Amino acid sequence: MANNWAPKTKVDWFLTVLRVLALGVVTVGLLAFIAQQISVDNPFARLINPDATGLTVAQFRGLVISGLSQGAMYGLIALGYSMVYGVLGFINFAHGEVFMVGAMTGMITSNKLDDAGLWESNFIGSLLFIVVVSMLVCTLTAVIMERVAYRPLRKAPRLIPLITSIGISFFIQNTSVVLLGPTSKAYPDMPDWLTAKRTFLEIEGTKILVICVAALAMLGLWLLVERTKTGKAMRAVAEDQEIAGLMGVNVNRTIVKVFAVGGAMAGVAGILWGVLFRSVIHYTGFLPGIKAFSSAVVGGIGNLGGSMAGGLFIGLAESTGPLLILEPLGVSGVSQLRDAVAFAMLIGVLLLKPSGLFGERLSAEDRA
Amino acid sequence: MFGTRKTSRFRIAFKTAVVLACLALVLSACGDDEDSAAPEAGTETTAPATTVAPEEMGEEVLVMEHLGDGSLGTVEVEPGEAVQIRSLNAITGDVAFFGLPIERSVVLAIADYGQVHGFDVDMGTGLDDLCSNDGGQAAAQIIVADEDVVGVIGTSCSGAATAAAPLITDAGMVLISGGNTSPALTSDLAGTPGPNYSYGYYRTAHNDLFQGRVMAEFVFNELGITTAAAIHDGDPYTQGLAKAFTDAFAALGGDVTGFSAVNKEDTDMVPVLTEIAAGSPGALFFPIFQPAGDFIAEQAPGVSGLEGTVLLAADGLLNTSYLALSQTEGMYFSGPDTRFGQNVNASTGKSAQDFLAAYESEYGEGPAAPFWAHGYDATTMLLDAITAASYVSEDGSLMVDRQGVRQYLDNVRNYQGLIGVIGCDDFGDCGSGKITVVHHASSDDPEASMGNVVYSGGGN
Amino acid sequence: MNGNPLLDIRGLTVEFGGLRALDGVDIQVHEGQIVSVIGPNGAGKTTLFNAITASVEATGEILFEGRTLLGLDANQVTSRGVARTFQNVRLFANMTVLENVMVSQHCRTKQGTFGALFYTKAFRREEAEIRARAEEILGFFGTRLIGFRLDQPAAVLSYANRRRLEIARAMATQPKLLLLDEPVAGMNPVESAELTGLIGRLREEWGFTIVVIEHDMEVVREVSDRVIVLDHGTMIADGDYHEVSSDPRVIEAYLGQGATTK
Amino acid sequence: MTTTAGLLIRRVPAAWRRVVRIGALGALGQVFISLSGMPVRLDVREIVVPILSLGYLVVLAAPLVVGVLLGRRPEHSGFLANPPSNRDLVIGATTGGLMAGGGLSILALLLAGFDLRDPLINWSPQLLEFLSFGRGTGAGFIVWLVIGAGLGMVGGTLRLATSRTQKVIMTMALTVVAAAILESLVVDLVEGVKLEALVEWMYAPRGGVTLLGAAVLAIVSGVLSFVGQGRIKTVQARVQAMEGPKRTRVNLTLIAGVGVVMILLPLLVGKLTNELLANVGLFVLLALGLNVVVGLAGILDLGYVAFFAVGSYSTAVLTAATSPRIAPELPWFVALILVIFIAILVGLFIGAPVIRMRGDYLAIVTLGFGEIIRLLFLSDWLSGWFGGSQGITAIDGVDVFGLLTVDGTNPRRVFYLVLFFCAIAIYISWRLERSRLGRAWMAVREDEPVAEAMGINTVNVKLMAFVVGAVLGSFGGAIFVAKVGSVFPTSFLILVSIIILVVVIFGGMGNIFGVIAGAVVLIGVLGGPKQPGLLVEFSEFKLLIYGALLVWMMLARPEGLIPSARRSRELHQEEFLQDAWLRGEIDTDESNDPQTAGPTQTTDSDGGP
């Protein structure tokens, strides 16, 4: 669809106003933030928010790091959304739940290991073990999901698989409720050397771990997609299922692989979640799932690098946005609005750049 | 121990057959007196009003002699049937951990209490208030549709009571909550009724204002900290308590440096802690629940500006799984006085230890939230009130005077419950109001910390 | 050719990610003409239509009745009086034949929510008019699309009838310029001959100016006043059928592609 | 057994594999259901006293279903070299049932032997007791095998009976179960018409149908079904054969009849049923609103709750005396006019940015909007306006011309209010669907780019859908506030949007009657997000069932309970075309060329932008 910036209709005028407003709010907020950082008694900052206090460098760094580690996790989950969307052209709404299944599996396994005393005596081994188990379970969940719910619907009108995935999401979430109970469950304690702050930039070890693992997973996925035969098949199927089929690619098997890889990534993300936050509950997957999807859209869906970047963007935005933009504007209780900020960022990005920050890579049907 | 409840299908069948047979007999015996079962409010009644004081009513009651003037109608329980009470608590969803122990405490209290004038007491199916106003209203409609219900134990969430209390009290029933704490449902403790107060509503849980005040006094007077901040999670309960705390703290002359909120689903607390840290408070009160409470305790030490801040929480986090987190060491927790010790419920003669043992054996776990004792006492209070306000009529039916139930509850003073001495004020606040602050010394021994009371206050 | 052209395209360029689908095309179409656009597969014929109807972004200039069409939305182009059919028949398959034609009068009618909700006189009158016009248009194709077929979903129509319905649907937008994208593709010779006659009647009886993309040279010869040949996004010939068919560049374009005219 | 099995394997290995597969799935299903805690929790609800509770019904259903599935003669069995005989089928069904029952047997053994209660909360002594009938594990082990095989056999045999017998038996079973499930409704209704005696012999004092009642019900329904079967079909066929005005007259009579029943019904039933009806009506209203957006215009709005929230909060602020900032205390009906305007503005505000987005982006962005709006109402920032987490309470009901007040204490009045607005919503949907705007919505849903090319301003048309949806949603909000008397942000979770969506989809997207039926069945029986239905015991499993239902519906019957003819064509286009072609309806041209007029030539129907 042609999307010229020059307003033509009333709706376009309204959208232009909206864009200007959105940019305006962000700009004024940031300016006020900068002003109050320069001097808390700055008249401009005082005018906008009389209670301004400003942040210290350490606080600011803390915000950025927590945003990045959260964002890295969104990015990992977003890869699954992005791959499925790129290949099949629909939102697998239930992908967030696969992530939750991963976190739950990790919780159960790690607690059993802890009971056996292995968690403390051989932490690294136990961690690797739960990562493997979680990846397996998540892969299995994703593959079963594809087989049961999505394969029969591959030819159906677009809304149908999307609605189905909402149903699956609900089903998995509530399966967790009825089987495991509605309360939150905790991972066993992490060893001190992991949770302690490193001298390097004063970042907690867990956060370094999350960011490193996310980067590694990203690299592995990139290699898989760009350098292997499977990856080539995936790209071919994404481009055009029928033609890929004619060229001798086993379309079904490739799609299963896409789900499997996405599931495995969600499994890794689930364990990282457990390591970072140590607590899981049945709705652990829902909001992060939606935010991860937002990340994929923001980064440009179908674009793997973009998904990761989008994840970092959303993570940073929701971590710093309330304090950098809203607080200086005099909004009270800003942390309550962090989800609102994340969604507003999604809407804002789509308003300004409908194809996401780094552009979409979609299958042929979607471009039509 | 509770073998009678664990009936097999075969026994149920047998029992049902017996009940059916009895019913048939009764039906044939006493034709159609259905219509006289529940006279409308305000109609004349032949039941004699008595002036017997409730204290004396506790034991054996003379037939026909009972509390109440019949102005709210009478419930007739035919022989072989059971006195109907209901439980209305949040038993599903993420707040189930809070409501479920209360519902179970009702079950156990009924079992411990035994019969009322030779009649069984039946709780029916536990109803769910869904921790919301619409859920509370819908469930209340179910309750009031059954005109045989005398009283209701619930709700566990104040929001649900807002919508449920008017309906239930309008129907002449009483609603006794073991979990509500919102001042809006009773009074501001200074004689002004809250906007959502309705006559017929009682609670054994304490009013938030007690707890906010005790915590503020503790921080300001005992710890000598003059700057404080609070975080809530958007729940009416946590917001109300946090507000009560900051208001009381400011009234004492302290400086409230921040008041912020998180969402229940949030995991990354660095932003909110940074927001709070900007005001450099000496104490941070977050009366929220798990898991959000875990994240605050775990992440607070890492936020620059909160290094020396004392962390405080409330009963929502005062449980062993939370105290087992190493980062919670050194925290203070306010909550209802749970030093039940040798307290014995005057109506059943059971102590808290007895209760916990029964709970464990019946449900295979300990209660997940501290208000089970309040639910237990609320139930026995209700059953006492029913006992006091009822009599066995000539045809063998139990007649319960609705107004008498309220009359009894209004006059409860010095009732010994698990939670301590219970007495109802003019607006239904019956809880002991005793608030304690415990200090968490070591995460290796959470049990010890639970009882490590360093301050107590509130109450009458 | 007297007066200003109805459609005046100058330097029209369409790019798809670096690939030029149309490269500086100039075309003039005067009122009352029937112009055929031919060219090998991938020459940019359908892209030309898409550019005119604002389905793709284009640079250059497209003037219709002296006013530019560039920058308008597709529906605004239709309101100006340009209607089209699609190469791969895109009917509203689950709407009835009648509804397909009724819905296309959207931009010529104006009754809104108020009229519909209160069932006003104006609303009823307009509905009756829309229906009458739809039946009139469908009647143009003989008996095939009227009678019991009016209430059949478009999906059950035969291929040829779907093509006819597409034309009817385009006619219902009351255009001045009708863009037909391969109207006889997939039809058998009898049907195709019949439709060729219809195209002529569309001009005579309804006064449309028509641009046709067509592969069938029989049809092209039969209907066209002028033939334009596109190849690789550029116009390589413009003239009447005989001029064009003898143009060496045209022959090369077709034969060079290894393709033959049907 | 083994010899038979061996024979079967050799003769029809594929069929045998099917038996094993379905049997194993049945067993897994059984175990899953047991571990979900459903049977234990539902055991308190009696179906037939004293032999069957809902809990047992739930677990017994699996072997029966397995039996029924396996009893089905494979399609095209005439083409098979060795079509399975009746005996084979029954043996297969019995084996499948045995496997399904065996799942529970093994579970009972495991329950007795291991303690997995740590992750699995329902790995409990209660479950063991349930599974072993309180008679020890050994008894349970054997009994489930026998029951499973027996039910499998019954299911399989049932399938072999004539369709007429099948229907009669189904009707009998369903009648008894329905009578038990709808007990409170039936009791209420029967007592409303003063037939208490009927209730007394039909229902046990503590719920559930009595044995006598069950027997009578089964016999009566069986006889009725046996006699009535042919007739209903004939009547249906006769109505369907009617043309034009006559058909319209029949339809109008039907609608009028339903209308009269709806008006009279609340007078006959008690508070509880009226409350239920009011809740159902509220969701009918909301679902009709969403139906305009999703069903008619094809826009998947996952943030529909936003309109509900805005309607509720604006009504609360405008009518409540306790509203924190501005409290004009307008009468409800006056406030409603303002609420409509606010809803229109919000519809435009949310609609405008999302309207040009692709379908799936639109879904996630509307979901985001829904959350943003809830968070704003919840926030401390705006608590000075909307009360934040403490909400707005003590809101008066609707004052109708000073004559009477409609509020939560009188669900009958609430129901009439809801009914009135439902009628308005139905009228609006019905009129708009058959107007220029409605046709444009359909075109947009079918193929947006083509609709645009046909001169439809898709942006405006879709915005209109949003606005109409928003107005209907705000009606729902306004009534909700009057009914509940308070408003808290917790009433407006994403969950509400999803449940309304399930209602619309379950009932039949794009079909007014379907949507109503969906709300009645789902909200009435299972309950809404915060509203209990008839099966209060199900509340813990409500969302699980909603999720499963949504998936199953999409896979098996995407057009919904009562499909709109159009929608079902869209979803089953290929089959539909084949049918049409077989019936000779497909139009073949005079000079037909088989290549051009085949049923396989369908247009691209998935339409999205």
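None of these values were measured; they are calculated from a predicted model.

Chemist: Before we move on, can you summarise the overall build of chain A with the specific residues and values?
Modeler: Counting secondary structure elements, chain A contains 16 helices and 2 strands. Against the 2.2 N^0.38 benchmark of 21 Å for 368 residues, chain A shows a C-alpha radius of gyration of 22 Å, consistent with a compact globule. Structurally, chain A occupies a C-alpha span of about 65 × 65 × 40 Å along its principal axes. Per-residue burial for chain A yields a buried fraction of 61% across its 368 residues. In the structure as shown, chain A presents an accessible area of about 14000 Å², 69% of it carried by carbon and sulfur atoms. Mean positive and mean negative side-chain charge positions of chain A (27 and 22 charges, respectively) differ by 8 Å.

Chemist: Report on the overall build of chain D, specifying residues and quantitative values.
Modeler: A count of helices and strands for chain D gives 26 helices and 5 strands. In chain D, buried positions account for 56% of the 609 residues. The long-range share in chain D, meaning contacts at least 24 apart out of those at least 6 apart in sequence, stands at 72%. Here chain D has roughly 24300 Å² of accessible surface; of this, 69% comes from carbon and sulfur atoms.

Chemist: Give me the lowdown on the interface of chain D and chain B, citing residues and values where you can.
Modeler: Taken together, the contacts link 48 residues of chain D with 52 residues of chain B. Note on chain D versus chain B: buried area summed over both sides is about 3800 Å², and carbon and sulfur give 55% of it. Linking chain D to chain B there are 0 salt bridges. At the boundary of chain D with chain B, the tally comes to 14 residue pairs in polar contact (both at pLDDT 80 or more). For the side of chain D that touches chain B, the element with the highest residue contribution is helix H13 (residues 271-296) of chain D, accounting for 4 residues. Split by residue class, the side of chain D that touches chain B holds 19 nonpolar, 14 polar and 15 charged.

Chemist: Describe the interface of chain A and chain D, listing the residues and the values that go with them.
Modeler: Counting residues at the interface gives 62 residues for chain A and 58 residues for chain D. Buried surface at the junction of chain A and chain D, summed over both partners, amounts to about 5200 Å²; 77% is from carbon and sulfur atoms. A salt bridge links Lys112(A) to Asp118(D); its shortest N-O distance comes to 3.6 Å. Linking chain A to chain D there are 5 residue pairs in polar contact (both at pLDDT 80 or more). Listed by contribution, the elements that provide at least two residues to the side of chain A that touches chain D are helix H1 (10-38), helix H4 (95-115), helix H6 (123-150), helix H7 (159-180), helix H13 (286-299) and helix H15 (338-352) of chain A. When residues of the side of chain A that touches chain D are assigned to their parent elements, the largest contribution, 16 residues, is made by H7(A).

Chemist: An account of the state of the cysteines is needed here, citing residue identities and associated values.
Modeler: Residues and elements named next belong to chain B. In the structure shown here, the tally under the stated rule is 2 disulfides over all chains. The disulfide bridge from cysteine 131 ends at cysteine 157, spanning 1.9 Å between sulfur atoms. Every disulfide takes its handedness from the sign of the S-S torsion; for cysteine 131 and cysteine 157 that torsion is -90 degrees, giving left-handed. Of this pair, cysteine 131 sits in the loop between strand E4 (127-128) and helix H4 (133-145) while cysteine 157 sits in the loop between strand E5 (149-154) and helix H5 (158-170); the two residues are 26 residues apart in sequence, bridging distant segments of the chain. The burial state of cysteine 131 is the same as that of cysteine 157; both residues are buried. What pairs with cysteine 424 in a disulfide is cysteine 430, and their sulfur atoms sit 2.0 Å apart. Taking the sign of the S-S torsion, 105 degrees for the link of cysteine 424 and cysteine 430, the bridge is right-handed.

Chemist: I'd like a description of the confidence of the model for chain A, backed by residues and values.
Modeler: Residues and elements named next belong to chain A. Taken as a whole, chain A shows an average pLDDT of 86; of its residues, 94% reach a score of 70 or greater. In the model, residues 1-5 has pLDDT below 50 throughout and makes 10 contacts with residues more than four positions away in sequence or in other chains. Here residues 364-368 is modelled with pLDDT under 50, and outside its nearest four sequence neighbours on either side it reaches 10 contacts, counting other chains as well.

Chemist: I'd like to hear about the nonpolar core, residue by residue, with values.
Modeler: With 309 residues, the main nonpolar core has Leu76(A), Leu273(B), Phe286(B) and Trp441(D) as its most contacted residues. In terms of residue count, helix H21 (residues 458-484) of chain D provides more of this core than any other element does, 17 residues in total. Residues contacting Leu76(A), with those up to four places away along its chain left out, are Ala214(A), Ala217(A), Met265(A), Val268(A), Ala269(A), Leu272(A) and Met308(A). Grouped together as the second largest cluster of nonpolar side chains are 48 residues, Val116(B), Phe119(B), Ala385(B) and Leu418(B) included.

Chemist: Report on the domain arrangement of chain D, specifying residues and quantitative values.
Modeler: Accessible area lost upon the coming together of the parts serves often as the stated size of an interface. When the domains of chain D are assigned, the result is domain 1 (11-75 + 82-160) and domain 2 (275-493). One C-alpha centre belongs to domain 1 of chain D, the other to domain 2 of chain D, and the line joining them spans 45 Å.

Chemist: Now, about the sheet that holds strand E9 (residues 255-261) of chain B: what can you tell me, with residues and values included?
Modeler: Strands in a sheet are paired, the pairing made by backbone hydrogen bonds, and the direction either parallel or antiparallel. All names here are of chain B. Pairing is mixed across the open sheet formed by 7 strands, whose spatial order is E9-E8-E10-E11-E12-E17-E18. Edge positions in the open sheet fall to E9 and strand E18 (453-458), since each of these has one partner strand only. Between one strand axis and the next, the sheet turns through 20 degrees on average, direction left out of account. Pairing between strand E17 (residues 434-439) and E18: 5 bridges, direction antiparallel. Within E18, the residue paired with isoleucine 435 across the bridge is glycine 457. Contacting strand E10 (283-285), strand E11 (310-313), strand E12 (332-336), E17 and E18, helix H6 (residues 208-222) runs over the sheet at an angle of about 130 degrees to E18.

Chemist: Can you lay out helix H3 (residues 96-113) of chain B for me, pointing to particular residues and giving the numbers?
Modeler: An α-helix turns once every 3.6 residues. As a result, residues three or four positions apart point the same way. Residues and elements named next belong to chain B. When the terminal C-alpha atoms of H3 are compared, their 25 Å separation across 18 residues agrees well with the 26 Å that a helix rising 1.5 Å per residue should span. Counting buried residues along H3, 15 of its 18 residues qualify, which places the element largely inside the surrounding structure. Just downstream of H3, glycine 114 is the residue with a positive phi angle, here 85 degrees.

Chemist: Tell me about the packing of aromatic side chains, residues and numbers included.
Modeler: Scanning the entire structure with this criterion turns up 50 aromatic pairs over all chains. Between Phe355(B) and Tyr359(B), the aromatic rings sit 5.8 Å apart at their centres with planes inclined by 45 degrees, giving tilted as the arrangement. With a gap of 4 residues between them, Phe355(B) and Tyr359(B) both fall in helix H11 (residues 352-363), about one helical turn apart. Assigned by exposure class, Phe355(B) and Tyr359(B) land together as buried. When the ring centre of Phe92(C) is taken as origin, the NZ or CZ atom of Arg169(C), which lies over that ring, is 4.9 Å away. We note Arg164(D) situated over the ring of Phe226(D); from NZ or CZ to the ring centre the distance is 4.6 Å.

Chemist: Describe in detail the confidence of the model for chain D, supporting the description with residues and values.
Modeler: All names here are of chain D. Here chain D averages 84 in pLDDT, and 88% of its residues register 70 or above. Mean pLDDT in chain D bottoms out at helix H1 (residues 2-11), which sits at 53, and peaks at helix H14 (residues 305-319), which reaches 95. The model gives residues 589-609 a pLDDT under 50, and that stretch makes 47 contacts with residues more than four places away or in other chains. The ipTM for the predicted assembly is 0.88, set against a pTM of 0.89.

Chemist: Explain the packing of helix H15 (residues 332-354) of chain D against helix H16 (residues 359-378) of chain D to me, and be specific about the residues and the numbers.
Modeler: The angle between the axes and the distance between the axes are what describe a pair of packed helices. Residues and elements named next belong to chain D. With their axes 10 Å apart at the nearest point, H15 and H16 run at an angle of 145 degrees to one another. Crossing of H15 over H16 shows right-handed handedness. Residues Val346, Phe349, Ile350, Pro353 and Val354 of H15 form the contact with H16, whose own contacting residues are Leu362, Val365, Thr366, Phe369 and Ile373.

Chemist: An account of the pattern of salt bridges is needed here, citing residue identities and associated values.
Modeler: Within this structure, the stated rule accounts for 36 salt bridges over all chains. The partner of Asp337(B) in a salt bridge is Arg339(B), and the shortest N-O contact between them spans 3.0 Å. Residue classification places Arg339(B) among the partly exposed positions, given a relative accessible area of 44%. A salt bridge links Arg10(C) to Asp8(C), with the nearest nitrogen and oxygen atoms 2.9 Å apart. What makes Asp8(C) buried here is its relative accessible area of 8%. Where salt bridges share partners, they join Lys291(A), Glu318(A), Arg338(A) and Asp339(A) into one cluster.

Chemist: Residue-level account of helix H13 (residues 402-410) of chain B, with values.
Modeler: Residues and elements named next belong to chain B. Among the 9 residues in H13, 7 count as buried, and that is most of the element. Residues Arg402, Gln403, Gly404, Val405, Arg406, Tyr408 and Leu409 constitute the buried set of H13. Between the side-chain oxygen of the N-cap and the backbone nitrogen of glutamine 403 there are 2.9 Å, and the N-cap of H13 in question is aspartate 401.

Chemist: Kindly report on the sheet that holds strand E14 (residues 398-401) of chain B, identifying the contributing residues and their values.
Modeler: Residues and elements named next belong to chain B. Pairing in this open sheet of 3 strands is antiparallel, and the strands run E1-E14-E13 from one edge to the other. For this open sheet the edge positions go to strand E1 (74-77) and strand E13 (390-392), each flanked by a neighbour on one side alone. Ignoring strand direction, the axes of neighbouring strands in this sheet form an average angle of 20 degrees. Both E1 and E14 contribute to a ladder of 4 bridges, which runs antiparallel. When the sheet's bridge partners are listed, valine 75 is paired in E14 with valine 400. Packing of H13 onto the sheet brings it into contact with E1 and E14, and relative to E14 it is tilted by some 60 degrees.

What counts, and at which threshold
Residues numbered from 1 in each chain as written. Chains lettered and ligands numbered in written order. Predicted model: local features only at pLDDT ≥ 70, side-chain atom pairs only at ≥ 80, totals over all residues. Heavy atoms only, no water. Helix = DSSP H or I, 4+ residues; strand = E, 2+ residues; numbered from the N terminus. Rg over C-alpha atoms; globule rule 2.2 N^0.38 Å. Buried < 20%, exposed > 50% of the residue type's maximum accessible area, 1.4 Å probe, protein only. Areas by Shrake-Rupley, 256 points an atom, 1.4 Å probe, with all protein chains shown as cover. Lys, Arg positive; Asp, Glu negative; His and termini not counted. Charge placed at Lys NZ, Arg CZ, Asp CG, Glu CD. Contact = heavy atoms within 4.5 Å. Buried area = accessible area lost by both parts, 1.4 Å probe. Salt bridge = Lys/Arg side-chain N within 4 Å of Asp/Glu carboxyl O. Polar contact = N/O pair within 3.5 Å; in protein donor to acceptor, adjacent residues only side chain to side chain. Nonpolar A, V, L, I, M, F, W, Y, C, P; charged D, E, K, R; others polar. Disulfide = S-S within 2.5 Å. pLDDT = per-residue confidence, 0-100. Core = buried A, V, L, I, M, F, W, Y, C linked by side-chain atoms within 4.5 Å. Domains from an automatic or database assignment. Pairing = 2+ DSSP bridges. Axes fitted to C-alpha atoms, helices over the stretch in contact; angles between N-to-C directions. Expected span 1.5 Å × (residues − 1). Phe/Tyr/Trp six-rings, centres within 6.5 Å; stacked < 30°, edge-to-face > 60°. Lys NZ or Arg CZ within 6 Å of the ring centre and 35° of its normal. Left-handed = near helix turned anticlockwise from the far one by under 90°.

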